[in-house]
Structures are given as C-alpha cells and as structure tokens.
Amino acid sequence: MVVTATSAPSMVEVVSRLVSEYSTRTPQRLKLIDAYLGYIMCTGIIQFIYCCLVGTFPFNSFLSGFISAVASFVLGVCLRIQSNPANVAVFKDISVERAFADFIFAHCVLHLVVLNFIG
Amino acid sequence: DRAWYPLGRIIGGTIYPGLMVTAASLYHFLHFLNITIDIRNVCVFLAPLFSSFTVIVVYLLTSEVKSVGAGLVAACMIAIVPGYISRSVAGSYDNEGIAIFCMLFTYYLWIKASKTGSICWSLLCAVAYFYMVSSWGGYVFLINLIPLHVLTLMITGRFSHRTYVAYCITYCVGTILSMQIPFVGFAPVETSEHMAALGVFGLCQIYAFVQYLRAHMSPTNFNVLFRGVMTVALIGVGLTFGIASFLGKIAPWTGRFYSLLDPSYAKNNIPIIASVSEHQPTTWASFYFDLQLMVFMFPVGLYYCFRELTDSNIFIILYAVTSIYFAGVMVRLMLVLAPIMCIMSGIGISVTLSTYMKNIDSNEAPASSVPAKNKKKNTDYPIKSEIATVMVTIVAIFLTTFVFHCTWVTNEAYSSPSIVLAARGHDGNRIIFDDFREAYNWLKFNTPENAKVMSWWDYGYQITAMANRTIIVDNNTWNNTHISRVGQAMASPEEHSYTIMKELDVDYVLVIFGGMSGYSSDDINKFLWMIRIGGSTPEGAHIKESDYYSSSGEYKVDKDGSTAMHNSLMYKMCYYRFGESQTEQGKPTGWDRVRNQEIGNKDFELDVLEEAFTSEHWLVRIYKVKDLDNRGNK
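Computed from a prediction, not measured in an experiment: that's the story for all the values here. (Residues numbered from 1 in each chain as written. Chains lettered and ligands numbered in written order. Predicted model: local features only at pLDDT ≥ 70, side-chain atom pairs only at ≥ 80, totals over all residues. Heavy atoms only, no water.)

### Remarks on the overall build of chain B
Move 1: Within chain B one finds 27 helices and nine strands.
Move 2: Sequence-distant contacts, at least 24 apart, represent 71% of the contacts inside chain B between residues at least 6 apart.
Move 3: For chain B, the accessible surface area stands at approximately 29800 Å², while carbon and sulfur atoms represent 61% of it. (Helix = DSSP H or I, 4+ residues; strand = E, 2+ residues; numbered from the N terminus. Contact = heavy atoms within 4.5 Å. Areas by Shrake-Rupley, 256 points an atom, 1.4 Å probe, with all protein chains shown as cover.)

### What to know about the overall build of chain A
Move 1: Helix and strand content of chain A: four helices and zero strands.
Move 2: Scanning chain A from its N terminus toward the C terminus, one meets helices and strands in the order α-α-α-α.
Move 3: Over its C-alpha atoms chain A spans a radius of gyration of 20 Å, topping by over 25% the 14 Å that the globule rule assigns to 119 residues.
Move 4: Overall size of chain A, expressed as C-alpha extent along the three principal axes, is 70 × 45 × 20 Å.
Move 5: Taking all 119 residues of chain A together, the buried fraction comes to 38%.
Move 6: Within chain A, contacts between residues at least 6 apart in sequence are counted, and of these 71% link residues at least 24 apart.
Move 7: Entry remark: accessible area of chain A is about 7500 Å², with carbon and sulfur atoms responsible for 72%. (Rg over C-alpha atoms; globule rule 2.2 N^0.38 Å. Buried < 20%, exposed > 50% of the residue type's maximum accessible area, 1.4 Å probe, protein only.)

### Some details on the environment of L421(B)
All names here are of chain B.
Move 1: Here L421 lies in strand β1 (residues 421-424).
Move 2: Sequence separation between L421 and R158 is 263 residues, and the spatial gap between their C-alpha atoms is 56 Å.
Move 3: Ignoring anything within four residues of it in the chain, the contact list for L421 reads I431, I432, F433, F436, Y519 and L619.

### Comments concerning the side chain of S455(B)
Move 1: Following the sequence through the fold, S455(B) ends up in the loop between β3 (452-454) and α22 (460-467).
Move 2: Given a relative accessible area of 2%, S455(B) falls into the buried group.

### Topic: the interface of chain B and chain A
Move 1: At the interface, 31 residues of chain B touch 39 residues of chain A.
Move 2: Here chain B and chain A share an interface that buries about 3100 Å² over both sides, 78% of which is from carbon and sulfur atoms.
Move 3: When the buried surface of chain B facing chain A is broken down by residue, I119(B), H161(B) and I176(B) rank first, second and third, together holding 19% of it.
Move 4: Viewed at the interface, chain A and chain B are joined by zero salt bridges.
Move 5: Taken together, the connections running from chain B to chain A amount to three residue pairs in polar contact (both at pLDDT 80 or more).
Move 6: Counting residues per element, the ones that place at least two in the side of chain B that touches chain A are α6 (119-135), α8 (161-178), α9 (187-190), α10 (195-216) and α11 (219-246) of chain B.
Move 7: If you tally residues by element for the side of chain B that touches chain A, the top one is α8(B), at nine residues.
Move 8: For the side of chain B that touches chain A, the per-class residue count stands at 19 nonpolar, ten polar and two charged. (Buried area = accessible area lost by both parts, 1.4 Å probe. Salt bridge = Lys/Arg side-chain N within 4 Å of Asp/Glu carboxyl O. Polar contact = N/O pair within 3.5 Å; in protein donor to acceptor, adjacent residues only side chain to side chain. Nonpolar A, V, L, I, M, F, W, Y, C, P; charged D, E, K, R; others polar.)

### As for the confidence of the model for chain A
Residue and element names in this part refer to chain A.
Move 1: In this model, chain A carries a mean pLDDT of 83, and residues with pLDDT of at least 70 account for 92%.
Move 2: Ranking the elements of chain A by mean pLDDT puts helix α1 (residues 11-25) last with 77 and helix α4 (residues 96-117) first with 90.
Move 3: The low-confidence segment residues 1-6, where pLDDT is below 50, has zero contacts with residues more than four positions distant or belonging to other chains. (pLDDT = per-residue confidence, 0-100.)

### Brief notes about the side chain of R162(B)
Move 1: With respect to the element layout, R162(B) can be found in helix α8.
Move 2: With no salt bridge to any partner, buried R162(B) finds its closest opposite charge in D311(B), at an N-O distance of 4.1 Å.
Move 3: Side-chain polar atoms of R162(B) contact the backbone oxygen of K115(B), separated by 3.3 Å.
Move 4: The contacts of R162(B), once residues within four sequence positions are left out, are V90(A), F91(A), A113(B), S114(B), K115(B), T116(B), G117(B) and D311(B). (Lys, Arg positive; Asp, Glu negative; His and termini not counted.)

### Comments concerning helix α1 (residues 18-32) of chain B
Residue and element names in this part refer to chain B.
Move 1: The end-to-end C-alpha distance of α1 is 21 Å, a good match for the 21 Å that 15 residues give at a rise of 1.5 Å each.
Move 2: Along α1, the residues that are buried comprise G18, L19, T22, A23 and L30. Looking straight down α1, one finds that the buried residues subtend no more than 130° of arc, so they occupy a single side. For α1, the exposed residues set more than 90 degrees away from the buried face come down to V21, H28 and F32.
Move 3: Its buried side turned inward, α1 meets α2 (39-65), α5 (95-116) and α6.
Move 4: Positive backbone phi, approximately 65°, marks N34, located one or two places after α1. (Expected span 1.5 Å × (residues − 1). Arc of directions from axis to C-beta.)

### Some thoughts on the environment of F578(B)
All names here are of chain B.
Move 1: Within the secondary structure, F578 is located in the loop between α27 (569-575) and β6 (591-592).
Move 2: Using a relative accessible area of 0% as the deciding quantity, one classes F578 as buried.
Move 3: As for F578 and M330, which are separated by 248 residues in sequence, their C-alpha atoms are 37 Å apart.
Move 4: Once you skip the residues sitting within four places of it in the chain, F578 turns out to touch F513, G515, M516, T583, G590, W591, D592, I599 and W618.

### Remarks on the nonpolar core
Move 1: Grouped together as the largest cluster of nonpolar side chains are 130 residues, with contacts concentrated most on M103(B), Y107(B), W110(B), Y167(B), L291(B) and Y319(B).
Move 2: Other than its neighbours up to four places away in sequence, L291(B) contacts V81(B), M334(B), L337(B), A338(B), M341(B) and F402(B). (Core = buried A, V, L, I, M, F, W, Y, C linked by side-chain atoms within 4.5 Å.)

### Description of α22(B)
Residue and element names in this part refer to chain B.
Move 1: Listed as buried for α22 are G460, I463 and A467. When α22 is viewed along its axis, its buried side chains cluster within an angular range of 85° and face the same direction.
Move 2: Elements in contact with the buried residues of α22: α21 (435-446), β3, β4 (470-471) and β5 (508-512).
Move 3: Positive phi appears at N468, one or two residues downstream of α22, with a value of about 60°.

### With respect to a negative patch on the surface
Move 1: Among the surface-exposed residues, E495(B), E580(B), D603(B), E605(B) and D607(B) lie close enough to one another that they form a single negatively charged patch.
Move 2: One can find E580(B) in the loop between α27 and β6. (Patch = residues over 30% accessible without salt bridge, like charges linked within 9 Å, V, L, I, M, F, W, Y side chains within 5 Å. Charge placed at Lys NZ, Arg CZ, Asp CG, Glu CD.)

### Comments concerning the sheet that holds β3(B)
Residues and elements named next belong to chain B.
Move 1: Taken in spatial order, the five strands make up an open sheet running β4-β3-β5-β9-β8, and their pairing is mixed. Looking at which strands have only one partner, the edges of the open sheet turn out to be β4 and β8 (609-614).
Move 2: Note that β8 and strand β9 (residues 620-625) share five bridges and pair antiparallel. Note on β9: the bridge partner recorded for F613 is I622.
Move 3: Helix-sheet contacts for α21 involve β3, β5, β8 and β9, and the interaxial angle to β9 is about 25°. (Pairing = 2+ DSSP bridges. Axes fitted to C-alpha atoms, helices over the stretch in contact; angles between N-to-C directions.)

### Here we look at the pattern of salt bridges
Residues and elements named next belong to chain B.
Move 1: For the coordinates displayed, the defined rule picks out 18 salt bridges over all chains.
Move 2: Between D94 and R87 there is a salt bridge, with its nearest N and O atoms 3.6 Å apart.
Move 3: You can call D94 partly exposed: its relative accessible area is 33%.
Move 4: Note that D458 is salt-bridged to K526, the shortest N-O span being 2.6 Å. Of this pair, D458 sits in the loop between β3 and α22 while K526 is found in helix α25 (residues 523-534), placing the two residues 68 residues apart along the sequence.
Move 5: Classification of D458 by relative accessible area gives partly exposed; the value is 25%.
Move 6: The buried category is assigned to K526, whose relative accessible area is 19%.
Move 7: Salt bridges sharing partners connect three or more residues here, namely R87, D94, E96 and R332.

### Some thoughts on the packing of aromatic side chains
Residue and element names in this part refer to chain B.
Move 1: Tallied over the entire structure, the rule returns 37 aromatic pairs over all chains.
Move 2: With a centroid separation of 5.1 Å and an interplanar angle of 70°, the aromatic rings of Y107 and F315 are classed as edge-to-face. Here the residue Y107 occupies a position in helix α5, and F315 occupies one in helix α17 (residues 311-329), the gap between them amounting to 208 residues.
Move 3: When the ring of W456 is compared with that of W457, the centres are 6.5 Å apart and the planes differ by 40°; the resulting orientation is tilted. (Phe/Tyr/Trp six-rings, centres within 6.5 Å; stacked < 30°, edge-to-face > 60°.)

Structural data, given as structure tokens:
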C-alpha cells in the first residue's frame, strides 16, 4: 500500500508542460492556422492601442478595422476547429475542404462589409 | 421638411429602410420582366406576399425542430391565425409586414447553423439578421434571444464546437452588417440593449479556450492554471464594465425597451409612450380573440419539447417563454407571439395525433398473432382503439372550430378599412362615413400650398399623404417637447393657445369630433392624453390634469365639467355651433352621442379661430387661425 503525496505542480511547470505537449502533439496544418491566428491577434491589439492613444475620431473606421480583426480571428478559430481530425464526430458531413471553402466565402462577405464601413 | 415643422426630419437617419427597399426592388424586378405593376399595388400587396413566405419558413423551422408533421400543422395554423393577419392585411404597408418573415427566417437559419455547425449556414444567418435589422426595431429581441440561447446551452452543459462556430460568426458578421443601417449606427457597441450579446461572445471565447486546455492537460495541472487565470480575468472584466458604465460610455436602456422590463416606468415618466393604445397591457380576451385554440395547445407543445430536449428545442422553449412575457406587457407584441404559438401548437397537435393514430386498429388484425400477443396486450389499457378514435375526433373538431373562429375574426375585425367607416342606420341600411377623405381633399384644394396644419399626431401621416400639407407632428415623432407643445396648444384657453400657435406658425387646425356621428375614437376622448403629455414638460406647467376633471373627479363635458375644460381650445373647436344641433330624438340640443352627455358650454364665439370646414357628419372640423390684429389694439 503505497500512498504517494504529490504537491501541486507550480504554474511554471504546468505552462512549460503545456507548451511542450502542444509542439509535439498538434499536426502541422493546425500549427499553421495557429500562427495565422497569432498574427491576427497582434493586428487587433495594435489597432486597439492606437485607438487608445489617438482617440476614436473616425469611429466607424476604427470599428470596422477592429471588427475585421476580431471576425478574421474568429473565422480562423472556426476553421481550426473544423479541420481538427479529433472533431470529425462533432461536424458530420463537413469535410476539411468544405470548411476551407466556407472560410473563403465568409471572408469575401466580411471584407465587402468592412470596405463599405471603413468610410 | 414637410414633416415636424419647423424642425424638419432627416428621413435617411430616422427610419428602417428594409420595407421600402424590398418594395422598390420587387417593383424593379417585375418591371425588368415586363410585368408592369404599379408601385402602389406592389406596396398594397407586399404584406400578404410576405405572409405567404412566412408560412413556408414556419414549416421549415418546425420541421427542423421537431418533424415534418409538426411543420405542416404549424404552417397551416400560421396561415390563418388572427394575431398575425391583423398586421399583414393588404394595404397595411408597415414594418411588421416583412419583419415577422425576416425574424422567422433568421431563426430558421440560426437553428440550421447551430445544428450543423457549418460556417456557411452561420454566414447566411448573419445576412438574414442584417435584413431583419433593416426592417424593424424589434431586432433587439433577436440579438438578445440568440445569446440567451447560447448561455442556456453553456449552463446545461450542451455547449459544443458547433454552437461556438455558429454564434461567433453570426455575432461578428451580423454586428458589423447591422451597423451599416444609418438608424442603428453605433448602437450595437454603445447601448445596453446589445451588451448581452457582447458579453456572451466574450464568454464563448473563454469557455471554448478553457475546453481546449482541459482536453490537453491532466486535471491537477489544469486546476492550477484555471484558478490563477480565472481570478485575473474576473477582476479585469468586472473593472472594465464598472468603469465603462460609470463613465457613461455604455448608455443605459432607452425608454421604449426599458418599459418592457418595468411596465410602470412609461406610465409614470413618459406619457407619450404610455398613451399609445398599442402599448397597453394585453387582456385575456385579446389572447383568446387572436389565438383561440393555441392558448390551450401551447402548454402541450411546451411539455413535448421538454420531454425530448435537444439544442433546437431549448431555443424554441426560450423563444416561447420570452414572447409570452412580452406579449403580456404590450398588445402590439402579440404579433411576435403568434408565430411561436403556432409552432408550439403544431408540435403539440402533431405529437398528440401521432401517439393516438398508432393505436387505431384496422379491422384486419392478424388472427394468428393474437395468442402470442395476449400477454403483452394485458398490460395496455382496454379499448385502446376506441379511445384513440375519440381523441383523434376531438382534435379534428378543435381544428375545425379554430378555422371557423379565425375566418370569423378576420371578417369582423380586421377586414374594414380605417379611412372609410361604415355603420348601420336605424332602418338597417348602410351609412358610409367618408368624412376623412372629404376633409383631406378639401385641405388639398382650398388651402395655400405652404399652409401648416396642426392636429394631434395620429393624423399626421394621413394629412401629409392625402392633403399634401406640412404638419407639425406625426405618428413617428419622438420629440417629446414638440408634441407636448401641441398638447399645450390644444388644452390651454384661447388666448394662450394663440401665442403657442403663432410660435409654431400654424395656419390651420384640424380636430376629429365624434359627438354627432357616434365615432368613439375622437379627439375629446384622446384629450386626457393631450393634457398629460402637454403637462409633462416645463412650458406646460400651467396644465394640470386635475383641473380638467369635474368637481366630483370625473371626466365630463356637460355643465358639471370644470372651467378649464370648458375654456380649452379643444372643447371650443369640437363643440362650436354644436349647441344648436339636434343629434337624437328626445334629447336636448347639443347631445354628445359618444359621451352621452349634453354639453355644458353651448353658446360661445371663437375669438382666435374661424371655422373653415366641417365634414358631412361633423367628423373632421378644420379651423383657420386668424391673423394678428392690424392695429394691435387688443
């Protein structure tokens, strides 16, 4: 009868373990999408900081740019979810190709609206 | 600038364009095919056309939620239900005609999106939402119901990747699309009515991220990370919302929607909103009148939805419960309730029928299988087939009475035009009151082009359209002070009204008077609201409602009425020369047929107005405002 008392791992250990598992486990395709998501997030943050510094004068321009960043991020996440092979059971009859096609179509509509709104 | 003189009105920024754009595109499309239908006919028949589309969408929606059978029943019911027909008759060219179609279409696409989790359906839902925003202010209901649905899914543990995809895309693309409508502007990010959607959006991101981490880590590790991040996040979010509300960046709920949550708010604070008869709470009689059988089948359908809970059923349940609450607050929202009632009743009837139809035995039961089945049949209740037949017959009778009721109601209550009135005379023949059109045509041909007409706001649109004259206030005016000024002019004594009318630059005044003909929604009956609205702003401080009641506290126009009432402009305009006319046999002259009283102040002259026109049955009376005295020696 062995009782092992393990102390709770520290935050640093947890995060480093998470990072190492991420880099080994996830397929190449998903890592590509994750890089794209990171880039979009940076764009959004830069826009937000700019707005905080300079003020919101053409509010519609700021909103359209910011929402464009947010929507692109969300679309990227949706694409990632739908192309993840672990999720095939959740998305019946949505193949990876169909997910990508939807993604492109959604971006067309999104950018059409953003162009109209940016003023 | 023909409306709301002298303020003018920016039509582009204060109206929902969906209805007009739809009518115009339909007109151009038909002309492109060389089917030359006049634009007026397109507008008149637009509402019935869109209600046929609504029937199709209700069928699609209910078959997604339950089954094809339920879809068929629901579609049949919405085709004839009076609650919906009342706002979609031919000729009612109003936002609600297409708004209900857009709303149900958006809901159908939302259910499709949350069922399949595909980006394509979510995008279509967002575009349908844009169409809904362009057509009616009631889109606020949608943008709060869909996040409520997502929140309920989160709480009940049904939040899946599909819901995440559906909601996030619908919200993001839908919001930026909705801001393209000038009337909506930046409201989706500034007003409290839209904050719930934003909050749920943020919550979605956090929840999905948490799910992702949980799937990739062991429980102990996850707990450590979770606790740390959670505390930071909660503090951050709480601070941001608190500061934003405090600094006034997030506007509080506007009056019209706030009165939905707190029904007594409008009554106490904003008389204009409280005075609209469509904003009154609904009576049980109206519920039964407009919905009949569905009042009883609705709980049945609700029960069956609860029995088989799926993601889409939860949405329908939420829609039903919220609609019932809002329909109880305001009669006008009965319209929003009618479709969901049909859907629920459709589900209820369909499940009832399919349960009992199975039990109706046909006469050729196979004899050989009887011995083997004997044991099983003993556990069922006896005379199964007979009870089933009785139940099916009862449901059939209910449905037949429903049809009779709907057609009767539509014929009686919703089929008459409101501009030409009809009544039965003493000897049974029909008398037509064409006074409105007579008066508006008189205005059109006998007054100068730039004449300004003052009337109560109910008649504003009619005067603009048929008499083609500038008006002071109309049905869409939300400028409380302006309407209040008109109310003060109507309620004050002649001298005071004259100053107000000169300030507003009024040339003619129009009142509706029902005392001669018995028409009960005339201006004297609406006078109390004019007093309330007039007294609600600082300039109207001299107008107190209690001054206009008799000494016993009743609203009277006979000799018991108060002096303020007898001297008000409205009283004088309505009853000028009425004291000499005989309206009914055996009653004294000046007998008001609506109030059933003999008027108190009979013989008076008008100082500041002169009578310009009175229509045939004295329904519409028009007065010209006299010019200022030439030598000013008053």
